[in-house]
Amino acid sequence: MSSLTLLIRPDVDVSSMSKGELVDLITAHETAKSAAAAVQARAAVELLRLETAEYPGRASALVQRSVGTQIALARKDSPLRGRRHLSLAKALCTDLPHTMGALERGELSEFRAHLIARETNHLTSDDRRTVDHELAGGLMGAGDSKVADLARAAAQRADSAAAERRAQKARNNRWVGAWAKPDAMMMVKALLPFEHGLAVHRALRAHAEQARRDGDKRPIGQVMADEFVQRLLGKSVDHLINIEIGLVMNERTLLRNDNEAAYVPGFGHIPAGIARKLLADADKAWIRRLFVEPTSGELVNIESKRRLFSGKLRQLVLTRDRTCRTPYCNNQIRHIDHTTSWSKHRETQASGGQGLCEYGNYVKENPGWSCDVIHIGVARRTRFTTPTGHHYDSPPPAQPGSGRATIEIELKRGLRDRRA
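Overview of the structure.

**Let's talk about the overall build of the protein**
Tallying secondary structure elements over the protein gives 16 helices and 14 strands in all. Among the 420 residues that make up the protein, the fraction classed as buried is 35%. Excluding contacts between residues fewer than 6 apart, the proportion of contacts in the protein whose partners are at least 24 apart in sequence is 57%. Per element, the accessible surface of the protein, about 24500 Å² overall, is 53% carbon and sulfur.

Structure follows, in structure tokens:
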């Protein structure tokens, strides 16, 4: 096929194509994705211009917060990514014309354009344009890490003092985070100064290699992971203390060996067998019964006369919503807020509350935004309305075994000596 227009069709029949045509098809759609990203960038900057003009008295940061979230919803993305999309769009349309041109021509992916923008965001506009010009035409065949490294090196040449200030700021912003991974695993990640990171990894590696030489049959990675836990907590993985794990599971999983997955707040779903093993291995277990509404599958409601969500009411909303209720947002819940303003109904109950990240809670207070509880049949949803009148619905997560009684089990593991 020679025509890009003919290739870019969602209903194209690939079964009759030759291998060469299939490669052309993949290339054409990849090129189209980059070109579409360039169009989205221009549209994002124009949306920002229009909203800034509509609310001339508002602080720039508030306008960008609102626009960034609208972009996220439109792209079915998280608010964090929405802010990144807006930041990239501004950079491409103002300071990085060569990068924008490469994106429009399909020579550069949106992610690699983001890497260039990220590595130059501390520079002045003039220095950023210098780096952009230097990189133009020099990224042929470069992968993600190489694009980032080339942009970083060029930025350091353009303003070494700014690069040093940025590096020092990054060192002050070191952190540790944790993310759920498949198969009931979790990743703990630390952002450290490079010399600390290298020292930690080399120390764990040296320990693992010595253990293997001494006859340990575990893979090196497993030895490093277990040593990491032991050095951090001061106990081996078989003797963890003061560890609290919450489980939400239905009664069939608990009592009848059902295969319905359990849910761990702050992590996600785990296999039923793993949940039962956690119970069997625990020294103590406290069982608190929670029930779901039979038709909607939502956790039972608890009412309160208070204006603020606290105590068991707060815990119920946290357990029900799990993460921020803003559509496509996966951030941890920081605020429990009334879906519809408390001043309208003057009641505080789980059905009228929602868990939001700090950013999401502040966004909905911007002009033009509204948030309401709607009912579709027996299902209850939160509906977010943006300043442009677009609606985005957010149903609460389905509970394990929706429609059945649900039991929340909180596990507190005490000191166990398996040698006893």
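**Remarks on the pairing of strand β1 (residues 175-181)**
By the bridge criterion, seven bridges tie β1 to strand β2 (residues 185-191) in an arrangement that is antiparallel. Residue pairing across strands places W175 opposite L191, the latter belonging to β2. Adjacent in sequence and paired antiparallel, β1 and β2 are bridged by three residues, among which D183 carries a positive phi angle near 65°.

**A word on the packing of aromatic side chains**
Tallied over the full model, the rule gives one aromatic pair. The ring of Y55 has R58 lying over it, and the distance from NZ or CZ to the ring centre is 4.9 Å.

**Notes on the side chain of T326**
Tracing the chain through its elements places T326 in the loop between α14 (311-321) and β8 (335-338). If we ignore the near neighbours within four places in the chain, the residues touching T326 are P79, L356, G360 and F384.

**Examining unusual backbone geometry**
At A184, a residue that is not glycine, the phi angle is positive and equals roughly 60°. The phi dihedral of Y328 is positive, around 70°, even though this residue is not glycine. Position of Y328 among the secondary structure elements: in the loop between α14 and β8. The exposure class assigned to Y328 is partly exposed, which follows from its relative accessible area of 36%.

**Remarks on the nonpolar core**
L92 and I116 are the most contacted members of the largest nonpolar core, which totals 32 residues. Breaking this core down by element, the ones donating at least two residues are α2 (19-54), α3 (60-74), α4 (79-94), α5 (97-104), α6 (110-120), α7 (125-135) and α8 (144-158). Setting aside residues up to four positions removed in sequence, L92 forms contacts with A41, P97, T99, M100, L103 and A113. Of all hydrophobic cores here, the second largest spans eleven residues; its members include C324, C357, F384 and Y392.

**Quick look at helix α10 (residues 194-213)**
For α10, built from 20 residues, the straight-helix expectation of 28 Å at 1.5 Å per residue is met to within 8% by its first-to-last C-alpha distance of 28 Å. L204, A208 and A211 are the residues of α10 that are buried. Looking straight down α10, one finds that the buried residues subtend no more than 60° of arc, so they occupy a single side. Across from the buried face of α10, at angles greater than 90 degrees, the exposed residues are F194, R202 and R213. In the core, the buried residues of α10 are packed alongside α11 (220-233). At the C-terminal side of α10, G215 shows a positive phi close to 110°.

**Concerning the pattern of salt bridges**
For the coordinates displayed, the defined rule picks out 24 salt bridges. Two residues, R205 and E209, come together in a salt bridge whose shortest N-O distance is 3.0 Å. Placement of the pair is R205 and E209 together in helix α10, with a separation of four residues, close to one helical turn. One salt bridge connects R218 with D226, and the closest N-O pair in it is separated by 2.7 Å.

**Structural notes on the packing of α2 against α5**
Interaxial distance between α2 and α5 falls to 7 Å at its minimum, and their mutual angle equals 130°. The pairing of α2 with α5 is recorded here as oblique in orientation. Counting all contacts with α2, which are made through S34, A35, A37, A38, A41 and R42, the residues of α5 involved are M100, L103 and E104. For the contact of α2 with α5, the residue count by class is six nonpolar, one polar and two charged.

Conventions we followed
Residues numbered from 1 in each chain as written. Predicted model: local features only at pLDDT ≥ 70, side-chain atom pairs only at ≥ 80, totals over all residues. Heavy atoms only, no water. Helix = DSSP H or I, 4+ residues; strand = E, 2+ residues; numbered from the N terminus. Buried < 20%, exposed > 50% of the residue type's maximum accessible area, 1.4 Å probe, protein only. Contact = heavy atoms within 4.5 Å. Areas by Shrake-Rupley, 256 points an atom, 1.4 Å probe, with all protein chains shown as cover. Pairing = 2+ DSSP bridges. Phe/Tyr/Trp six-rings, centres within 6.5 Å; stacked < 30°, edge-to-face > 60°. Lys NZ or Arg CZ within 6 Å of the ring centre and 35° of its normal. Core = buried A, V, L, I, M, F, W, Y, C linked by side-chain atoms within 4.5 Å. Expected span 1.5 Å × (residues − 1). Arc of directions from axis to C-beta. Salt bridge = Lys/Arg side-chain N within 4 Å of Asp/Glu carboxyl O. Axes fitted to C-alpha atoms, helices over the stretch in contact; angles between N-to-C directions. Parallel < 35°, antiparallel > 145°, perpendicular 65-115°, else oblique. Nonpolar A, V, L, I, M, F, W, Y, C, P; charged D, E, K, R; others polar.

Without other data, these values stay purely geometric and don't point to any function.
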